[in-house]
Amino acid sequence: MIELKKPVESWDEMVFAGKNRAYGAFVLRGRYALNLLSGFLAGGVCLCLLLYAPQIWQWFKKDADELKTAELKTVKYTELAPPPSIEKLITPPPKVQEVQKVVKYLPPKVTPDEVAEDNVPTVEEVKQNDTGSENMEGTGNVVADSPPTENLGAEPANEVFSVVEEMPQFDGGMGALGKYLSKNMKYPVSARRMGVEGTVYISFVVSKDGAISEVTVLKGIHTDCDQEAVRVITNMPAWKPGKQRGIPVNVKFVLPIKFKLG
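Residues numbered from 1 in each chain as written. Predicted model: local features only at pLDDT ≥ 70, side-chain atom pairs only at ≥ 80, totals over all residues. Heavy atoms only, no water.

Asker: Whenever I open this one, the overall build of the protein chain confuses me. Can you help?
Answerer: On a plain count of helices and strands, the protein chain comes out with 8 helices and 5 strands. Beginning at the N terminus, the succession of helices and strands in the protein chain can be written as α-α-α-α-α-β-α-α-β-β-α-β-β. Out of the 262 residues in the protein chain, the part that is buried amounts to 17%. By sequence separation, contacts in the protein chain at least 24 residues apart represent 73% of the contacts at least 6 residues apart. (Helix = DSSP H or I, 4+ residues; strand = E, 2+ residues; numbered from the N terminus. Buried < 20%, exposed > 50% of the residue type's maximum accessible area, 1.4 Å probe, protein only. Contact = heavy atoms within 4.5 Å.)

See the structure below:
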């Protein structure tokens, strides 16, 4: 025969076994866990309300203030002055005065004595007199101004010109000058590291014999780049000198040197 196991009785059933369960204590015992959970939940809600009550009050107060500021306000408009007329704003063009041609008449020159008509020679008298067919030697000395003793083609002083008739030129032209610069120019390491680019303007003087002197920086971009440009210009070979009236002269020359990272 199979024996059936009895279900395990709860603690409340064991306590109230054989007792009057309708008295009410049994029901209270059975709902104890539910009542305990409900009490904990209610207490937690009350505690949260107490902690967050100031913040909730600020929210409600902020909404009330926004409603007050959202009320319609009456705006009073003042009467504005009418705009000025367009005719006053437009200035009329200046009046051009017509230039009138005035002819100036010179007054006649009045001589104190009248010219006697009897002194005028007749045609017959002119034919009878010799009007200069013979060469007459004079007794006076002819004095002529002597020409200037200055040598107009002399070489001028050590003056530095900016523009002359024949400007100085690099041997081989500007193309050869560009090749010389690209071959001898070295990009400074510091400027390359910093990413410096730009154009350096160098001023120098091409002397009468083509030598380079007075090398200066008119506009620079970086100390190392400026020094490199001055070095290359100073070490350039002699140029063809500039000429004024066919004579070699000193000429000031400005050369832009461009630094660009490739």
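Next comes the rest of the description.
Asker: Which parts of the structure should I look at to understand the packing of aromatic side chains?
Answerer: The description of an aromatic ring pair rests on the distance of the ring centres and on the angle between the ring planes. Summed over the entire model, instances satisfying the criterion amount to 6 aromatic pairs. For the pair Phe170 and Tyr180, a centre-to-centre distance of 5.9 Å together with 35° between the ring planes defines the contact as tilted. Of this pair, Phe170 sits in the loop between β1 (160–161) and α6 (173–184) while Tyr180 sits in helix α6, placing them 10 residues apart in sequence. Of the two residues, Phe170 and Tyr180, neither departs from the other in class, the shared state being buried. Among the aromatic residues, those joined into a cluster by ring pairs are Phe170, Tyr180, Phe204, Trp239 and Phe253. (Phe/Tyr/Trp six-rings, centres within 6.5 Å; stacked < 30°, edge-to-face > 60°.)

Asker: I tried to follow the nonpolar core on my own but got confused; where do I start?
Answerer: General note: in soluble globular proteins, nonpolar side chains tend to be found buried as a group. In this structure, Phe204, Ile233, Met236, Trp239 and Phe259 are the most contacted members of the largest nonpolar core, which totals 23 residues. When residues of this core are traced back to their parent elements, those giving at least two are α6, β2 (198–206), α8 (223–234) and β5 (247–259). (Core = buried A, V, L, I, M, F, W, Y, C linked by side-chain atoms within 4.5 Å.)

Asker: Could you clarify how one ought to interpret the pairing of β5 in this entry?
Answerer: On a regular strand, each side chain points to the face opposite its neighbour's, so the side chains alternate between the two faces of the sheet. As paired elements, β1 and β5 share 2 bridges and run parallel to each other. Looking across to β5, one finds that Phe161 is bridged to Val251. Relative to β5, β2 is paired through 9 bridges, and the arrangement is antiparallel. If you follow Tyr201 over to β5, its bridge partner there is Pro256. Pairing analysis gives 3 bridges linking strand β4 (residues 242–244) to β5, with the strands arranged antiparallel. Opposite Lys243, over in β5, you have Pro248 as the bridge partner. Counted along the chain from β4 to the antiparallel partner β5, the turn is 2 residues long, and its residue Arg245 has a positive phi close to 60°. (Pairing = 2+ DSSP bridges.)

Asker: Help me understand the environment of Val249 in this model?
Answerer: Position of Val249 relative to the elements: it lies in strand β5. It is 9.4 Å that separates the C-alpha atoms of Val249 and Pro168, two residues lying 81 residues apart in sequence.

Asker: Can you help me understand unusual backbone geometry in this one?
Answerer: Of all residues except glycine, most have a negative phi; of all peptide bonds, most are trans. Despite not being glycine, Glu214 has its phi angle at roughly 55°, a positive value. In this structure, Glu214 sits in strand β3 (residues 212–219). Even without being a glycine, Arg245 presents a positive backbone phi close to 60°. As for its placement among the helices and strands, Arg245 is situated in the loop between β4 and β5.

Asker: Honestly, a nonpolar patch on the surface in this entry has me stumped. Any pointers?
Answerer: Together, Tyr32, Leu36 and Phe40 line one region of the surface with nonpolar side chains, adding up to about 370 Å² of accessible area. Along the chain, the position of Leu36 falls in helix α3 (residues 32–69). The partly exposed category is assigned to Leu36, whose relative accessible area is 41%. (Patch = residues over 30% accessible without salt bridge, like charges linked within 9 Å, V, L, I, M, F, W, Y side chains within 5 Å. Areas by Shrake-Rupley, 256 points an atom, 1.4 Å probe, with all protein chains shown as cover. Salt bridge = Lys/Arg side-chain N within 4 Å of Asp/Glu carboxyl O.)

Asker: Would you take a moment to explain α6 for this structure?
Answerer: Owing to its 3.6 residues per turn, the α-helix aligns residues three or four sequence positions apart on the same side. Compared with an ideal rise of 1.5 Å per residue, which puts 12 residues at 16 Å, α6 spans 17 Å between its outermost C-alpha atoms and is within 8% of the ideal. Those residues of α6 that sit buried are Gly173, Leu177, Tyr180 and Leu181. Along the long axis of α6, the arc covered by the buried residues comes to 110°, so they all point the same way. Across α6 from its buried face, at more than 90 degrees, point the exposed residues Lys179, Ser182 and Lys183. (Expected span 1.5 Å × (residues − 1). Arc of directions from axis to C-beta.)

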